[in-house]
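Fold and contact review
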Amino acid sequence: QVQLVESGGGLVQPGGSLRLSCVASGISSDYYYIGWFRQAPGQEREGVSCIRTSDGSTHYTDSVKGRFTISRDSAKRTVYLQMNNLKPEDPAVYYCATDVNLPCIYISHFGSWGQGNQGTVSS
């Protein structure tokens, strides 16, 4: 079974940084798509960032480009989302998600996702 264990998140001031981690296991292929979508209360899911493990190509939603960086440690099956220069619109529950077939533009529709991790920005 696919398991995604998330860590990180917290409360920071605007302009601060957070780092999210996601450890994946049980994925049937060495090549897959993995990243994060986020969901604020009462809002739709929004894809944030994703990486394709086959070649390391990345995807970012426009609002986080230049601020967020996704990376991976293939040996540890771990991906990281470094979130810098956090803005008031960034707080949400961040879900690590993965899929073998769906490309990164469909992050919010991936077949497997984790328990969620609260990322917040405070004044």
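Structure: see above.
Okay, so let's go over this structure. Just so you know, these numbers come straight off a predicted model, no measurement behind them.

Right, let's talk about the environment of Y95 for a bit. Examined against the element boundaries, Y95 turns out to sit in strand β9 (residues 92-99). The exposure class assigned to Y95 is buried, which follows from its relative accessible area of 15%. Sequence separation between Y95 and I51 is 44 residues; the distance between their C-alpha atoms is 14 Å. When near neighbours in sequence (up to four residues on either side) are disregarded, Y95 contacts E6, G35, W36, F37, Q39, W113, G114, Q115 and G116.

All right, on to the pairing of strand β7 (residues 68-73) then. When β7 meets strand β8 (residues 78-83), the two strands line up antiparallel, connected through six bridges. From the neighbouring strand, D73 faces β8, where its bridge partner is T78. With antiparallel pairing between neighbouring strands as the criterion, β7 and β8 make up a hairpin whose turn holds four residues, including R77 at a positive phi of roughly 50 degrees.

Right, let's get into the environment of D99. Relative to the assigned elements, D99 resides in strand β9. Along the backbone, D99 and Y32 are 67 residues apart, and their C-alpha atoms lie at a distance of 6.0 Å. Here D99 is in contact with Y32, Y33, F110 and G111, once residues within four sequence places are set aside.

By the definition in use, this model includes three aromatic pairs. Both rings, one in F37 and one in Y95, keep their centres 5.1 Å apart while their planes meet at 20 degrees; by these two values the pair is stacked. Pair noted here: F37 is in strand β4 (residues 33-39) and Y95 is in strand β9, with a separation of 58 residues, a long-range link. For the pair F37 and Y95, a shared accessibility class is recorded, and that class is buried.

What follows covers the nonpolar core. C22, I34, W36, F68, L81, M83 and Y94 are the most contacted members of the largest nonpolar core, which has 23 residues in total. Secondary structure elements with two or more residues in this core: β3 (18-25), β4, β5 (46-52), β7, β8 and β9.

On to the sheet that holds β7, then. If you walk across this open sheet you meet the four strands as β1-β3-β8-β7, and the pairing is antiparallel. Taken across any chain shown, the strands that pair with only one partner, and hence form the sheet edges, are β1 (3-7) and β7. Ignoring strand direction, the axes of neighbouring strands in this sheet form an average angle of 20 degrees. Bridging between β3 and β8 involves six bridges; their strand directions are antiparallel. Paired with C22 across the bridge in β8 is V79.

The pairing of β1 with β3 spans five bridges and is classified as antiparallel. Among the inter-strand pairings, E6 is bridged to a residue of β3, identified as C22.

About the thresholds
Residues numbered from 1 in each chain as written. Predicted model: local features only at pLDDT ≥ 70, side-chain atom pairs only at ≥ 80, totals over all residues. Heavy atoms only, no water. Helix = DSSP H or I, 4+ residues; strand = E, 2+ residues; numbered from the N terminus. Buried < 20%, exposed > 50% of the residue type's maximum accessible area, 1.4 Å probe, protein only. Contact = heavy atoms within 4.5 Å. Pairing = 2+ DSSP bridges. Phe/Tyr/Trp six-rings, centres within 6.5 Å; stacked < 30°, edge-to-face > 60°. Core = buried A, V, L, I, M, F, W, Y, C linked by side-chain atoms within 4.5 Å. Axes fitted to C-alpha atoms, helices over the stretch in contact; angles between N-to-C directions.

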